[in-house]
Amino acid sequence: MILGSTGSIGENALRVAAALPDRLEVVGLAARSNVSRLLEQAAQFQVRHVAIADESAAAECLAARPRGVTIHAGSAGVTRLAGLPEADLVLCALVGISGLHSVLAALENGKNVALATKEVLVAAGQTVMETAARRKARILPVDSEHSAIFQCIDSHPPSEIRRLILTASGGPFASRQDVNFDKVTAADALKHPRWNMGRKVTVDSATLMNKGLEIMEAHWLFGIPYDRIDVVIHPESIVHSMVEFIDGSVLAQLSPPDMRFAIQHALTHPDRVPGGLPTLDLANMGALHFKAPDLLRFPGLRLARQAAVTGGTMPAVLNAANEIAVERFLDGHLTFSGIWHTVEAVMNLHHAVSAPDLVTIEKSDRWARQEAERQCLVARSQTG
Ligand code: MG
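Calculation criteria
Along each chain, numbering runs from 1 in the same order as the chain's sequence is written. In keeping with the model being predicted, local features are shown solely for residues with a pLDDT of at least 70 and side-chain atom pairs are shown and tallied solely at 80 or more, while totals for entire chains, interfaces and linings include all residues. In computing side-chain properties, one takes all heavy atoms of the structure into account and sets aside hydrogens as well as water. Domain start and end points were adopted from an automatic or database domain assignment. What makes two residues a contact is simply this: any of their non-hydrogen atoms within 4.5 Å. Defined in terms of a 1.4 Å probe, buried area is the accessible area two parts forfeit on being brought together, summed over both. Identification of polar contacts relies on pairs of N or O atoms within 3.5 Å, with a donor-acceptor requirement for protein atoms, meaning one able to donate a hydrogen and the other able to accept it, and with residues adjacent in sequence counted only if both atoms are side-chain atoms. Strands are runs of DSSP state E lasting at least 2 residues, helices are runs of H or I lasting at least 4, and numbering of each runs from the N terminus. Only rings of Phe, Tyr and Trp enter the pairing, Trp through its six-membered ring, and a pair is recorded when the two centres are within 6.5 Å. The plane angle decides the type: under 30 degrees is stacked, over 60 is edge-to-face, the rest tilted. Using a 1.4 Å probe on the protein chains alone, a residue whose accessible area is under 20% of its type maximum counts as buried, one over 50% counts as exposed, and one in between counts as partly exposed. Note: two strands are recorded as paired if DSSP finds a minimum of 2 bridges between them. Working convention: axes come from line fits to C-alpha atoms, limited for helices to the stretch in contact. Angles between N-to-C directions cover 0 to 180 degrees. Each metal site is built from N, O and S donor atoms within 2.8 Å (3.2 Å for Na, K and Ca), and since water is not included, such sites may look incomplete.

Brief notes about the domain arrangement of the protein chain
Often, the extent of an interface is quoted as the loss of accessible area on bringing the components together.
Okay, so step 1: Here the protein chain is partitioned into domain 1 (2-142), domain 2 (145-257 + 272-284) and domain 3 (311-383).
Okay, so step 2: Computed from C-alpha atoms alone, the centre-to-centre distance between domain 1 and domain 3 is 26 Å.
Okay, so step 3: If you look at the interface, domain 1 gives ten residues, while domain 3 gives nine residues.
Okay, so step 4: Buried area between domain 1 and domain 3, both sides added, is near 750 Å², and the carbon and sulfur share of it is 64%.
Okay, so step 5: By the criterion of area lost to domain 3, the three top residues of domain 1 are Ile-97, Val-122 and Ala-123, representing 49% of everything that side buries.
Okay, so step 6: At the boundary of domain 1 and domain 3, one finds two residue pairs in polar contact (both at pLDDT 80 or more).
Okay, so step 7: Those elements giving two or more residues to the side of domain 1 that touches domain 3 turn out to be helix 5 (100-108) and helix 6 (119-134).
Okay, so step 8: Of all the elements, helix 6 adds the most residues to the side of domain 1 that touches domain 3, at five residues.

Details of unusual backbone geometry
Okay, so step 1: Each neighbour pair has its own omega, and for His-269 with Pro-270 the value is 5°, a cis peptide bond.
Okay, so step 2: As for its placement among the helices and strands, Pro-270 is situated in the loop between helix 11 (260-268) and helix 12 (282-285).
Okay, so step 3: Although it is not a glycine, Arg-65 adopts a positive phi angle of roughly 45°.
Okay, so step 4: Mapping Arg-65 onto the fold places it in the loop between helix 3 (55-64) and strand 4 (70-73).

Some words on the packing of aromatic side chains
To describe a pair of aromatic rings, you give the distance between the ring centres and the angle between the ring planes.
Okay, so step 1: A full pass over the atoms with the stated rule returns seven aromatic pairs.
Okay, so step 2: On the numbers, 5.5 Å between centres and 55° between planes, the contact of Phe-181 with Phe-298 is tilted. Of this pair, Phe-181 sits in the loop between strand 8 (161-168) and helix 8 (186-189) while Phe-298 sits in the loop between helix 12 and helix 13 (299-310), and the two are 117 residues apart along the sequence.
Okay, so step 3: By relative accessible area, which is 10% here, Phe-181 ends up buried.
Okay, so step 4: Here a set of aromatic residues connected by ring pairs shows up, and it is made of Phe-173, Phe-181, Phe-298, Phe-329, Phe-336 and Trp-340.

Side note on the sheet that holds strand 2 (residues 28-31)
Okay, so step 1: Pairing in this open sheet of seven strands is parallel, and the strands run 4-3-2-1-5-6-7 from one edge to the other. Single-partner strands in this sheet number two, and they are strand 4 and strand 7 (139-141).
Okay, so step 2: With four bridges connecting them, strand 3 (residues 49-52) and strand 4 associate as parallel partners. In the sheet register, Ile-52 faces strand 4, and the bridge partner there is Ala-73.
Okay, so step 3: Along the sheet, helix 11 contacts strand 5 (89-92), strand 6 (112-115) and strand 7; its crossing angle with strand 7, the most-contacted strand, is approximately 155°.

Thoughts on the coordination of the magnesium ion
Okay, so step 1: Coordination of the magnesium ion by the protein is provided by Asp-143 (OD), Glu-145 (OE) and Glu-214 (OE), with metal-donor distances spanning 2.1 to 2.2 Å.
Okay, so step 2: Coordination of the magnesium ion draws on donor residues from a single chain, spaced D-x1-E-x68-E in sequence. You can see Asp-143 sitting in the loop between strand 7 and helix 7 (144-153) and its partner Glu-214 sitting in helix 10 (residues 209-222), a full 71 residues away along the chain. For the pair formed by Asp-143 and Glu-214, the shared burial category is buried.

Listed below in structure tokens is the structure:
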């Protein structure tokens, strides 16, 4: 089952599935609105169940009457698909918080979840991890850094871990001091030097907000406190993250920067199988570099840590404000630096509720989206 099949992770997951036909069978696909690509994929992989989140796109899909395919419409349809008995593993690569109900539906039905949508853990980490534990389901990380940590930790308990070291490529701007963040365009921010990813995560990577979200993702996945999760800039994106153990040894996972490594690992875990992925040629690369992130130039990382430590509903608010701000930046309605200014302004207006239930989290999420839209309008009127 692949949720978000027409996006970057979804397309790569289908490439992994196509390379391992004896091992992986795709039984369901979900997308937001790209009907033509979704139906192409369904035909290629002989999938009987598809879901479309966008209601008008779902109507278009129904009108196409694809033979032998059941269409599940709307966001409720995506959630229903995630719980279908046909699948034993659900890969969630939906964009942002929209994946939350589907992830919970899969876990409630006892299915393991290969999780690419980090926003789900950022906003509702406690609820998601408790649901997984109660239903004895596993969450297998698809985010490359967390896949690396997952592989390095193996079966070691948190008590044997001194710290997690998340690597960050730094995006297109970390190594360029000359960039004016009020003038950066969407096209500049989308030119990622190493990774070919979706638009949302590429912009998050450029602001380093992505790494802030990943600190929270790592905290929930591995049960490690925030003061033991560090970030290091590593422009080559070969070392995907590291784990320092209490004996002082550091283990790292290395591979070329290709999402299929993390996807295949999650889909074939606990086995390792040859999937035809590119090999790593370190001798030809020559050098790998590491440096500390610049928190003054990239306040997103600082804001995310602040939200993480505050906890409660604050991470959901940071995430929602960031999702809106990134959309407005991509629309050309907000400056690049406006992204973190918007997030900070919304956080400053929020009174965090501790130990929130799902209803409270979703209420905070909606409030933060409205407030972020308002802040974007204010920013726009000020810059003319
Ligand atoms: Mg990542």
